[in-house]
Amino acid sequence: MKQDNESAYKISGSMIRKTQTIEKIKPIYTEYLAHMSRFFNIGDVEAWSRAAVKNLNRYVGADDHHIYVLERSGAVIGFALVNDHLRFNADGLAIAEFYVQKEYAKKGYGRRLAEHVFVQFPGRWEVAVTLKNDSALVFWDQVVSTYTKNNFQKKWNHSFNGYGFVFHTG
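The sections below set out a description of the structure shown in this document. The structure presented is a predicted model; accordingly, all values stated were derived computationally and were not measured. (Residues numbered from 1 in each chain as written. Predicted model: local features only at pLDDT ≥ 70, side-chain atom pairs only at ≥ 80, totals over all residues. Heavy atoms only, no water.)

Here we look at the nonpolar core
To keep things clear, this is the line we draw: Nonpolar cores were defined as sets of buried Ala, Val, Leu, Ile, Met, Phe, Trp, Tyr and Cys residues, with membership established by side-chain atoms within 4.5 Å. For every residue, the accessible area (1.4 Å probe, protein chains only) is compared with the maximum for its type, and the residue is labelled buried under 20%, exposed over 50%, or partly exposed between those bounds. Helix and strand definitions here come from DSSP, where helices need a minimum of 4 consecutive H or I residues and strands a minimum of 2 consecutive E residues; each element is numbered from the N-terminal end. Contact between two residues is taken to exist if any of their heavy atoms lie within 4.5 Å; hydrogens are not considered.
Counting 26 residues, the largest nonpolar core has I95, F118, W125 and W140 as the members making the most contacts within it. Listed by contribution, the elements that provide at least two residues to this core are strand 3 (66-72), strand 4 (75-83), strand 5 (93-100), helix 3 (109-120), strand 6 (123-130), helix 4 (134-148) and strand 8 (162-169). With residues up to four places along the chain from it excluded, the contact list for W125 reads V82, N89, L93, A94, I95, V117, F118, F165, V166, F167 and T169. Within the second largest apolar cluster, 17 residues are counted, among which are L33, L56, Y59 and L81.

Below is the structure:
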């Protein structure tokens, strides 16, 4: 069921909340960037990280960009960024960035965050994953196949060097 944008969705000692500010995710966003830098050939990681944080500002107050935070005991342990920058679909939404801290991985938090976000926006979706990120490929394959009851396509994009999970919700 679709949640009000200002309400929180409580799950097993944690909470998913939509927010209009990047301040809550900035501390773990830099952690996420460090994690993601392993999968790309980046010459200047510092400059790349600064540009990514600057790009994060696009999410503030934008109608077509959405920020969801996953909190546990008042601390942000994960986030999902949603926008309409698509690599595989002509229209719809994409999980642009997605992260759950390592100590909370493989405990169902990421799955619940992803499914919660999908419910908020019925329609066409895609999730792009770089080929080198094996754990993300496994995660999204499991989440999308279960959520869609295997009604999805896994597409290759050479220019991105990765796969897209393309599906429809609602």
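Description of the packing of helix 1 (residues 26-36) against helix 2 (residues 45-56)
Using the following cut-off: What counts as an axis is a line fitted to C-alpha atoms, over the stretch in contact for a helix, and the angles between N-to-C directions run from 0 to 180 degrees. Working definition: roughly parallel below 35 degrees, roughly antiparallel above 145 degrees, roughly perpendicular at 65 to 115 degrees, and oblique for all remaining angles. Left-handed describes a crossing in which the near helix is turned anticlockwise from the far one by less than a right angle; the clockwise case is right-handed. Residues are grouped as follows: Ala, Val, Leu, Ile, Met, Phe, Trp, Tyr, Cys and Pro are nonpolar; Asp, Glu, Lys and Arg are charged; every other residue, Gly included, is polar.
Remark: helix 1 packs on helix 2, axes separated minimally by 10 Å, with the N-to-C direction vectors making an angle of 135°. By the angle between their directions, the pair helix 1 and helix 2 is classed as oblique. In this structure, helix 1 meets helix 2 at a crossing whose hand is right-handed. Residues K26, Y29, T30, L33 and M36 of helix 1 touch helix 2, and the partners they reach there are W48, S49, A52, V53 and L56. Its residues placed into classes, the contact of helix 1 with helix 2 shows 7 nonpolar, 2 polar and 1 charged.

Concerning helix 1
Our working rule: Directions drawn from the helix axis to the C-beta atoms are what define this arc.
Within helix 1, the full set of buried residues consists of I28, Y29, Y32, L33 and M36. Across the axial projection of helix 1, the buried residues extend over an arc of 155°, all falling on one side. Tucked inside the fold, the buried residues of helix 1 contact helix 2, strand 4 and strand 5.

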